[in-house]
Structures are given as C-alpha cells and as structure tokens.
Amino acid sequence: MRRWRFNPVLLLGVVPGLATSCPVLAVPMLYGVTGSGGSPSSLYTINPLTGATTLVGATGTNHVTGIDFDPITGTLYGVRSDVFGSGETQLLTLYSGTVAAAVVGTTSYRIPDITITRNGVLRGWSDTDATSSFFDNPVEINKATGVTSHTVSGLDTNGTGVAVLDEANLYVTSRVALYSVNVTTGAKHYYLADLVQTRFSKICPAAIFS
C-alpha cells in the first residue's frame, strides 16, 4: 500500500499577501512521494479532482517522509528520516531538472514533515534527534547544508503534520489534535481536541476567495 506525502506545485502564481507556503492554484496539481515506511521512494503527480496518479520517476533513495516547494526558487525539498534503519537523516532536493534525489546534507533528526515559509525558511517537525535526546520539537533546516536546529516545545506528538501559520509559528497536527507552535520560544496554543477523528499526516493552509 502506498503512503503519500504530498504538496501542491505552483502553476499560475500565488495570491499577493497570502502568508503561506502552499500556493493558490488556478490549475490544480499535486506532487506526492512514496516510501515513508522504508520502501523505495518515487515521485508522482496527483490529480486532486480524480485522485489519478502519474509516476514522475524514482528518487533513487528510500524513506522520504516530507516534501515542500521553495516559493522563492521553486526547488522541491524533501527529508529522508531513516533513523531506525540505515541511520541516515538527510535533506534532499528532489526536482530541479531531474527526478533523482540529490543529498544536500545531514539533518541528524527524524523529521516526518517539512514546510517552507513565504520568505523561504525551511522548517519542520522532529520526532527525535539521531541520539534520541530530544523529542517532538519544531526545527529549522539550513537549505544549503542540511544543518538543523530545534526549539523545545513540550508537546507529545505522533503522526505529525506541519504547515506555516506565519513566519514565527507553525500549525502542528498530532493524533487528532491541532496546535500552533512558536518556532522561537516553543510556546504552543491548543485549537482542537478532535479533528473529526481523522489522523492527518500532512496539512496545508488554503486561501478563501470572496
């Protein structure tokens, strides 16, 4: 069974002033990646109207757990978080003229999901670091090196998805709860106790048109 991690791709531009890394689409298009369970990861396009998938190609690696487009450069970044398998935790570029993943550097964290702010800052959520010393924290990833730093949050998360709220805060899903977490202080705000009993592994803000 395929387990998807997906993000929209920009086709015709974003709405000016929209503070989110998820583009507004005139023509819907999603990119998805498989392999979060340790199996080989492949990149797909997904039609959100029909659910039809089209293989773009194999990434040449496995256990890719989160992807997002840089809204400034258009680069598709991914994270490989095989802490308990090969031990490799890497920042990757997945689509810049070729499908094959290129390793940017080591993150040293198990990161189930990433998101990129409107200003191009790559953030994510860490289940644990490589030494199992720190758990369940927002992280910032250097796009040039993969070097990652965290802020202590105090949350106990599982099945985590993240999305940009603004430059200082992330939306975080855990089990069936929704939070916002400040990326500098770790302060959290609790929104919902029950997301219709649905466990989301990826969330994304959307624009509302009047």
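Residues numbered from 1 in each chain as written. Predicted model: local features only at pLDDT ≥ 70, side-chain atom pairs only at ≥ 80, totals over all residues. Heavy atoms only, no water.

Visitor: Hey, could you run me through unusual backbone geometry in this one?
Guide: In most cases, non-glycine residues show a negative phi, while peptide bonds are predominantly trans. A positive phi angle, near 55°, is found at histidine 63, a position not held by glycine. Relative to the assigned elements, histidine 63 resides in the loop between strand S4 (53-62) and strand S5 (64-69). Despite not being glycine, aspartate 136 has its phi angle at roughly 60°, a positive value. Relative to the elements of secondary structure, aspartate 136 occurs in strand S12 (residues 135-141). By relative accessible area, which is 9% here, aspartate 136 ends up buried. (Helix = DSSP H or I, 4+ residues; strand = E, 2+ residues; numbered from the N terminus. Buried < 20%, exposed > 50% of the residue type's maximum accessible area, 1.4 Å probe, protein only.)

Visitor: Looking at this structure, how should I read the confidence of the model for the protein?
Guide: Low-confidence regions, as indicated by low pLDDT, have predicted coordinates that should not be scrutinised in detail. Model confidence for the protein is summarised by a mean pLDDT of 77, while 74% of its residues fall at 70 or above. Mean pLDDT values over the elements of the protein span from 50, in strand S1 (residues 5-8), up to 95, in strand S8 (residues 102-106). In the predicted structure, residues 8-25 sits below a pLDDT of 50 and forms 42 contacts with residues beyond four places in sequence or in another chain. Of the regions scoring below 50 in pLDDT, residues 194-201 engages in 23 contacts with residues more than four places distant in sequence or in other chains. (pLDDT = per-residue confidence, 0-100. Contact = heavy atoms within 4.5 Å.)

Visitor: Could you clarify how one ought to interpret the sheet that holds S5 in this entry?
Guide: Sheet strands line up and pair through hydrogen bonds in the backbone, either parallel or antiparallel. On the basis of which strands lie adjacent, the open sheet formed by 4 strands has the order S5-S6-S7-S8 and antiparallel pairing. Sheet topology places S5 and S8 at the edges, where each strand pairs with a single neighbour. Averaged over all pairs of adjacent strands, the angle between their axes in this sheet comes to 25°, without regard to strand direction. Both S5 and strand S6 (residues 76-81) contribute to a ladder of 5 bridges, which runs antiparallel. (Pairing = 2+ DSSP bridges. Axes fitted to C-alpha atoms, helices over the stretch in contact; angles between N-to-C directions.)

Visitor: Would you explain the pattern of salt bridges in this entry?
Guide: Pairs can form between side chains of opposite charge whenever their charged atoms are close. Applying the stated criterion across every chain yields a total of 3 salt bridges. The partner of lysine 143 in a salt bridge is aspartate 70, and the shortest N-O contact between them spans 2.5 Å. Here the residue lysine 143 occupies a position in the loop between S12 and strand S13 (148-150), and aspartate 70 occupies one in the loop between S5 and S6, the gap between them amounting to 73 residues. Judged by relative accessible area, lysine 143 falls into the partly exposed class, the value being 25%. Of the residues examined, aspartate 70 reaches a relative accessible area of 2% and is grouped as buried. Among the salt bridges present, the one from arginine 80 reaches glutamate 88, with a minimum N-O distance of 2.1 Å. Using a relative accessible area of 35% as the deciding quantity, one classes glutamate 88 as partly exposed. (Salt bridge = Lys/Arg side-chain N within 4 Å of Asp/Glu carboxyl O.)

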